[in-house]
Amino acid sequence: MQHNLVRGAYLLALATLFTALLNALQKITGSTLSVVEIVFFRNFFSMPFVIVIALRGGLVLKTHHFGGHVIRSVVGLISMIMTVVAVTHLPLAEQQVLSYTQPLFLILLSIPLMHERPSIQRWVAVGVGFIGVIVVATGKGLLGGSHSTVPTWAYAVALGQGAVGALTTMQIRQLSATEKSTTIAMWQAILMTIATAAALPFVWQMPTRADVLCLIAVGAFAGIAQVLQTEAFASAQVSAIGPFAYCGLIWAALIGWLGFHEIPGVAMFVGGLLIIGSGLWMLKHERPQN
């Protein structure tokens, strides 16, 4: 840990930019190619970057919890698929806002899975956050939004991705008790690539040359974002630089506006403030881990 707040904040903000860019490319390719195909190329072309991270931290594939890696990869794969579906049908900014519900679901899932007892303050934060979700999902076309034709089920998918993402995070925490982070990352990349490659013959759609370039960029941007995020959290504590993860909303709104003519409405901003505000409050009052 370098404890360099400026470096960590800069790298994390830059990581969110590459994440927003890859979501934009997934939105473009998602209109013509199958979701599984996109996820395969994302994992395949991000593999070199994952290997770079693993080599720096000591590449170790030996594990005594292979079943845990399989479960983590299956859940992570579902999360990636839901993300592609969500960004294909939702404005980028709205999908990004709804992805910030992950901390809310972490609290809810910690009750049955970790046997934790959230405080009253955390329950209030969860309530405020989900009020924000309702505002975003029901405010389209009512409070200045320009995307009233977005199907309601797309919001459910985006919200579900937040829940699945929270479950993925909890699995990573459990594996981290005995496994190195680089081991977890490598097994995730390997297993996800194999699983989607096995499904390719059943869903394959011939990509155009432009599609191929987009898919290569999706994988590269995913790998770059992972490298930057890893370096960011190695530079400073999560509680110190965590708020900079919300820069992703700025990038998503700008890319959606400039690239897809998506104009965020008042509902998105109001709901986003409620969701992000609840997340920041929980981050500020995060209990120290032993």
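Here the structure is shown first, and the text comes after it.
From a predicted model like this one, the values you see are computed outputs, not experimental measurements.

Comments concerning the environment of I190
Tracing the sequence through the fold places I190 in helix α8 (residues 181–203). Sequence spacing of I190 and S73 is 117 residues, and the spatial spacing of their C-alpha atoms is 9.1 Å.

Here we look at the environment of I216
Among the structural elements, I216 can be located in helix α9 (residues 209–235). For the pair formed by I216 and K62, sequence separation is 154 residues and the distance between their alpha carbons is 29 Å.

Quick notes on empty space enclosed by the protein
Inspection of the entire model under this criterion finds 2 cavities of 30 Å³ or more. By volume, the second largest cavity amounts to about 40 Å³. Lining the second largest cavity we find A20, N23, L92, Q95, Q96 and A252. Elements with a minimum of two residues in the lining of the second largest cavity: α1 (5–30) and α4 (92–99). Looking at which element gives the most residues to the lining of the second largest cavity, the answer is α4, with 3 residues. Among the residues forming the lining of the second largest cavity, the class breakdown is 3 nonpolar, 3 polar and no charged.

Considerations on helix α12 (residues 266–284)
Taking 1.5 Å of rise per residue, 19 residues should cover 27 Å, and α12 covers 27 Å from first to last C-alpha, within 8% of that figure. Considered for burial, the residues of α12 that qualify are A267, M268, G271, G272, I275, I276, S278, G279, M282 and L283. Projected onto a plane normal to the axis of α12, the buried residues spread over an arc of 155° and lie on a single side. Exposed and facing more than 90 degrees away from the buried side of α12 are L273 and K284.

Here's the deal with helix α11 (residues 247–260)
With 14 residues, α11 extends 19 Å between its outermost C-alpha atoms, agreeing within 8% with the 20 Å of an ideal straight helix rising 1.5 Å per residue. For α11, the complete set of buried residues consists of C247, G248, L249, A252, A253, I255 and G256. In the core, the buried residues of α11 are packed alongside α1, α4 and α12. Trailing α11 by a residue or two, H261 shows a phi angle of about 55°, which is positive.

Comments concerning the side chain of Q96
With respect to the helices and strands, Q96 occurs in helix α4. Apart from residues no more than four positions distant in its own chain, Q96 is found in contact with N23, G248, L249 and A252.

Regarding the packing of aromatic side chains
Enumeration according to the criterion identifies 9 aromatic pairs in this entry. Between F40 and F44, the aromatic rings sit 5.7 Å apart at their centres with planes inclined by 20°, giving stacked as the arrangement. Remark: F44 and F40 occur in helix α2 (residues 35–57); sequence separation between them is 4 residues, near one turn of the helix. Plain terms: the ring middles of F105 and F130 are 5.3 Å apart, the flat faces sit at 80° to each other, and that makes the pair edge-to-face. Of this pair, F105 sits in helix α5 (residues 102–114) while F130 sits in helix α6 (residues 120–138), and the two are 25 residues apart along the sequence. One exposure class covers both F105 and F130, and it is buried. Among the aromatic residues, those joined into a cluster by ring pairs are F40, F41, F44, F45 and W204. When the ring centre of F260 is taken as reference, the NZ or CZ atom of K27 above it lies at 5.6 Å.

Scoring rules and cut-offs
Residues numbered from 1 in each chain as written. Predicted model: local features only at pLDDT ≥ 70, side-chain atom pairs only at ≥ 80, totals over all residues. Heavy atoms only, no water. Helix = DSSP H or I, 4+ residues; strand = E, 2+ residues; numbered from the N terminus. 1 Å grid on protein atoms, 1.4 Å probe; cavity = no way out; pocket = protein on both sides within 12 Å on 5 of 7 lines; lining within 4 Å. Points joined across faces, edges and corners; volume = space filled by probe spheres on them. Nonpolar A, V, L, I, M, F, W, Y, C, P; charged D, E, K, R; others polar. Expected span 1.5 Å × (residues − 1). Buried < 20%, exposed > 50% of the residue type's maximum accessible area, 1.4 Å probe, protein only. Arc of directions from axis to C-beta. Contact = heavy atoms within 4.5 Å. Phe/Tyr/Trp six-rings, centres within 6.5 Å; stacked < 30°, edge-to-face > 60°. Lys NZ or Arg CZ within 6 Å of the ring centre and 35° of its normal.

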